[in-house]
Amino acid sequence: MAGIRIVVAGATGWVGRALVPAVIAAKDLVLAGAVSRGAAGQDAGEAIGQPTAGVIVAASLRDALAIPSDVVIDYTKPHVVKGNALMAIEAGRHVVIGTSGLSAEDYAEIDAAARKAHVGVLAAGNFSITATLLKRFALEAARYVPDVEIVDYAAASKPDVPSGTGRELAEVLGEARQAGTAKAVADLSGLKETRGASVGAPIPVQVHSLRLPGYVLSCEAHFGLPDERLLIRHDAGSSAAPYVAGTLLAARRVAEQPGLRRGLDSLMA
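What comes next concerns the included structure. Starting afresh in each chain, residues are numbered from 1 along the sequence in its written order. A pLDDT threshold of at least 70 governs which residues receive local features in this predicted model, and a stricter bar of 80 or more applies before side-chain atom pairs are shown or counted, although totals over entire chains, interfaces and linings include all residues. Computation of side-chain values covers all heavy atoms of the structure but excludes hydrogens and water.

Some details on helix H5 (residues 104-117)
Only DSSP runs of H or I covering at least 4 residues are called helices, and only runs of E covering at least 2 are called strands; the numbering of each starts at the N terminus. A helix is expected to span 1.5 Å for every residue after the first. The end-to-end C-alpha separation of H5 is 20 Å, in line with the 20 Å expected for 14 residues at 1.5 Å each. Note on contacts: a residue pair is in contact if any heavy atoms of the two residues lie within 4.5 Å. Buried positions along H5 lie against helix H4 (78-90), strand S5 (94-97), strand S6 (120-123) and strand S12 (259-262). Positive phi appears at His-118, one or two residues downstream of H5, with a value of about 60 degrees.

A few points about the pattern of salt bridges
For salt bridges, the criterion is a side-chain nitrogen of Lys or Arg within 4 Å of an Asp or Glu carboxyl oxygen. Going through the model one piece at a time under the given rule, you end up with 15 salt bridges. Salt-bridge contacts for Arg-115 lead to Asp-111; the nearest nitrogen and oxygen are separated by 3.0 Å. In this pair, Arg-115 and Asp-111 both sit in helix H5, four residues apart, roughly one turn of the helix. To sort residues, take the accessible area from a 1.4 Å probe on protein chains only and compare it with the maximum for the residue type: under 20% means buried, over 50% means exposed, and anything in between is partly exposed. Exposure remark for Arg-115: the relative accessible area of 47% places this residue in the partly exposed category. For the salt bridge of Arg-233 with Glu-220, the shortest nitrogen-to-oxygen distance reads 2.2 Å. Of this pair, Arg-233 sits in strand S11 (residues 228-236) while Glu-220 sits in strand S10 (residues 217-225), and the two are 13 residues apart along the sequence. Glu-220 sits in the buried class, given a relative accessible area of 5%. Through salt bridges with shared partners, a single ionic network connects Lys-82, Asp-106 and Glu-109.

Here's the deal with the sheet that holds S10
In short, DSSP must find at least two bridges between two strands for them to pair. Spatial ordering of the open sheet is given by S8-S9-S7-S10-S11, a layout of five strands whose pairing is mixed. With partners counted over all chains shown, the strands left at the sheet margins are strand S8 (197-199) and S11, one partner each. Averaged over all neighbouring strand pairs, the angle between strand axes comes to 25 degrees, with direction disregarded. The pairing of S8 with strand S9 (residues 205-211) spans three bridges and is antiparallel. Residue pairing across strands places Ser-198 opposite Gln-206, the latter belonging to S9. A fitted line through C-alpha atoms serves as each axis, taken over the contacting stretch for helices, and the angle formed by two N-to-C directions is quoted from 0 to 180°.

Purely spatial values, then, with no claim about function.
Below, the structure written as C-alpha cells:
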C-alpha cells in the first residue's frame, strides 16, 4: 500500500532539515517533493547532508506541485506561506502550515479556499507537544483567572511578531477568558505601546514580544489574582526535533476534515 505523498516546502530550513529524513524513514509516508530555492536541482537528501533521497529539490512550490502528491508541509517564510497555502489548495492538496506570521484574516481566507476545494488545512503556531500543553493548561487556568497576559521570546533575527505560538495562544484565550481588571489601553496615559499588542477577541489579551540573542523560542502565560500569581511557560531548545512528531501527525490526519483547523491540540483527545 502506497503511503501519503508529502511535499516539504522549506526543505533545507531549520525544521525542514529534520522533517525530510523523518518523512523518508516513516513507513506510511513518501517524500514526493521538496522545495528550496537555494538548493534547487540537488537531491533532497544530499542537500541537507543526508543519504541520497531520490527526489530532486524544486525551486518553487509551483514546480513541485507538477508531481503527484497528497500533502504539502510548509516551513518557509512569513511573506510566502499564505500564497503557498492557497496555491496548494487550488491544486487539490491538503496543507500543514508550520510557518508563523499569518493574521486572522489570512487564516479566514485559507479556510474559505480549503472548504471550497474540499481539502484539509492544519496550521499551528508550534507543533511541539509541550507547547500544545501550554495552550491546554492556559485555557484551563483562564476558566478561573480572568487576568492574563502573554510574553513571547525569540531570537533577535526572528522577523514576525508575535510568534505563532504567542498569537495562537492569545487568540484562543481571547475566546475563553472573562474580562480582566487591568485598565483598558485606551484609558492609559504615557506611551501606550509599552502595554504590548491587543490580540484575540472578544476579550483581547495583551502580548509582549521580546527579540534578543540567546533565545530560540519561549512563551509565557501570566495569570494574576489578588496576592497570587500563576506562570505557565514553554521553552524550546536549539533542535528542531520537538516539531517533527507533531508535524507528521498533522500530515497523517489533515485530510480527515475539510477546511482549516488551528493547533495541534485539535488532533489530541
